[in-house]
Amino acid sequence: MRSVSIDERQARFEELAPGLIEPLRRYLARRTDPVTADDVLADTMLVCWRRLDDVPDEALPWAYGVARNCLANVERGGRRQQRLAAKIAVVDPPVESTPGPGERDGALAEALDALRTEDAELLRLWAWEQLAPGEIATVLGITANAASIRVHRAREKLREQLRKVEAPAGHEESREGRNR
Amino acid sequence: MTQHDDDQLDARLRAADPASSLPAADPAWVARLLEDTMSNDLLTESRENGTHNRSPLTWLVAAAAAVIIAGVGIFAVVNGQDAGEPAPPPQAADPTVTELTGPDQGALSARCMVPNADLLSDQPVAFDGTVASISDGLVTLDVTHWYAGDPTDLVTVEAPSAQIQKLLAAVQFKDGGRYLVAANESGELLVCGFSAPYTQGLASLYDQAFPS
């Protein structure tokens, strides 16, 4: 570890961190509940502070990667509680949770759910965080080339799923009989 | 796949962004988060290395504390068993009334053990009675049979108004109902099924605990 004075360190962190917080908040808001999001954001910032010397120039994709790991840790711990909560919810179902803003795109949500977790996450990073394949690669710890190919394939799969989801809803199926 | 299709899919995905309506963070909150983060030590203490730096004195103090706690516990147990004459329950000026209180808050929310004759037999007060009245904060019982304790005609159970509902629920006291009731040396009612509406089963437990 490079030895820098604590003041220099603080100055660097204060310059870096404000630019990370807002995107990370959004990243977490998209993937977990508000309370967990705040906790994981604090965890993520702490990792950034402690590993300040490892933070690359392109800090944001790296920080997304940290947030992703922190969230995964929290969720591993919470999974047992969730299973319990699910059991209780069956007995005493809660009021249908309020959907997001505006009109919820149910078909899209269903199609995303039907994808493999990794594929759905690639698409979210691409569409919601608006990352380029190279940046997605940093978040997921894969090569840029692999990220590029996987994003392309994930889009294909999503389109496929959307067709499946929307077909029974009375849409005239113009591609009927076409070999896929 | 055409560029148009891709753009459409992009637009549709973006429209579904759950964070699109998330307001920007309060700057004061962000400032506090940064401050809190930087106030953290750069060294991390984990389960693996967390105890290495503790001084021998820390361990000594911890060991001494453990010994004292164990000693107090053993003293309490031994004393409880050796007390030949159970301490009489708090008596009112009127000799025909035994005053009891509801269990403390902790006992009402604590976990219960299965009622058993062993524990019951340690209690200095136990009786079979009928609820004469339930007034604000006070349950009065007419006693028909004393298993243990100095016999009096009446027993009152007092509970702070905030707890009376919980007490009523714990013992299911109802006006006119017949109950088997036990209390400890502090005059606190035993709940958790020890004090409960009269049943043959519970009565035989009381008989077993207090053979006449």
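Residues numbered from 1 in each chain as written. Chains lettered and ligands numbered in written order. Predicted model: local features only at pLDDT ≥ 70, side-chain atom pairs only at ≥ 80, totals over all residues. Heavy atoms only, no water.

Asker: How should the interface of chain A and chain B be read in this particular structure?
Answerer: By a widely used convention, the size of an interface equals the accessible area lost when the partners come together. Listed by partner, the interface residues are 35 residues for chain A and 29 residues for chain B. Both sides together, the interface formed by chain A and chain B hides about 3,100 Å², and carbon and sulfur atoms give 65% of it. When the area that chain A buries against chain B is broken down by residue, the three leading residues are Arg50(A), Trp128(A) and Arg159(A), summing to 19%. Counting the contacts that link chain A with chain B gives six salt bridges. Salt-bridge contacts for Arg30(A) lead to Asp17(B); the nearest nitrogen and oxygen are separated by 2.7 Å. Where chain A packs against chain B, one counts 14 residue pairs in polar contact (both at pLDDT 80 or more). Listing elements by their share of the side of chain A that touches chain B, those giving two or more residues are helix H1 (6-29), helix H2 (34-50), helix H4 (106-114), helix H5 (117-127) and helix H7 (144-166) of chain A. Among the residues making up the side of chain A that touches chain B, the classes are represented as 20 nonpolar, two polar and 13 charged. (Contact = heavy atoms within 4.5 Å. Buried area = accessible area lost by both parts, 1.4 Å probe. Salt bridge = Lys/Arg side-chain N within 4 Å of Asp/Glu carboxyl O. Polar contact = N/O pair within 3.5 Å; in protein donor to acceptor, adjacent residues only side chain to side chain. Helix = DSSP H or I, 4+ residues; strand = E, 2+ residues; numbered from the N terminus. Nonpolar A, V, L, I, M, F, W, Y, C, P; charged D, E, K, R; others polar.)

Asker: Looking at this structure, how should I read the pairing of strand E2 (residues 125-135) of chain B?
Answerer: On any regular strand, side chains alternate: one points to one face of the sheet, the next to the other face. All names here are of chain B. In terms of strand pairing, E2 meets strand E5 (residues 178-183) through six bridges, oriented antiparallel. Across the sheet, residue glycine 129 finds its bridge partner in E5, namely tyrosine 179. Direction of pairing for E2 relative to strand E3 (residues 138-148): antiparallel, over a ladder of nine bridges. Counterpart to serine 135 in the pairing with E3 is leucine 138. The loop that links E2 with its antiparallel partner E3 comprises two residues; one of these, glycine 137, has a positive phi angle of about 80°. (Pairing = 2+ DSSP bridges.)

Asker: How should the side chain of Thr140(B) be read in this particular structure?
Answerer: Relative to the helices and strands, Thr140(B) resides in strand E3. Of the residues examined, Thr140(B) reaches a relative accessible area of 12% and is grouped as buried. (Buried < 20%, exposed > 50% of the residue type's maximum accessible area, 1.4 Å probe, protein only.)

Asker: How should I be thinking about the environment of Ser121(B) in this particular structure?
Answerer: Residues and elements named next belong to chain B. By the secondary structure assignment, serine 121 is in helix H5 (residues 117-121). Using a relative accessible area of 34% as the deciding quantity, one classes serine 121 as partly exposed. With 88 residues separating them along the chain, serine 121 and alanine 209 place their C-alpha atoms 4.6 Å apart. Ignoring any residue separated from it by four or fewer positions in sequence, one finds serine 121 in contact with Ala209 and Phe210. Among the polar contacts made by the side chain of serine 121, one reaches the main-chain carbonyl oxygen of aspartate 118 at a distance of 2.7 Å.

Asker: What is the right way to look at the confidence of the model for chain B in this model?
Answerer: Detailed reading of the predicted model is not advised wherever pLDDT is low. Residue and element names in this part refer to chain B. On average, chain B scores 77 in pLDDT, and the residues at 70 or more come to 72%. Within chain B, helix H4 (residues 105-109) has the poorest average pLDDT of any element, 63, and helix H2 (residues 27-38) the best, 91. Contacts of residues 44-50 to residues separated by more than four positions or lying in other chains number four contacts, the stretch itself having pLDDT below 50. In this model, residues 82-86 is a region of pLDDT below 50 whose contacts with residues beyond four sequence positions or in other chains number one contact. Two summary scores accompany this predicted model of the complex, namely pTM at 0.50 and ipTM at 0.73. (pLDDT = per-residue confidence, 0-100.)

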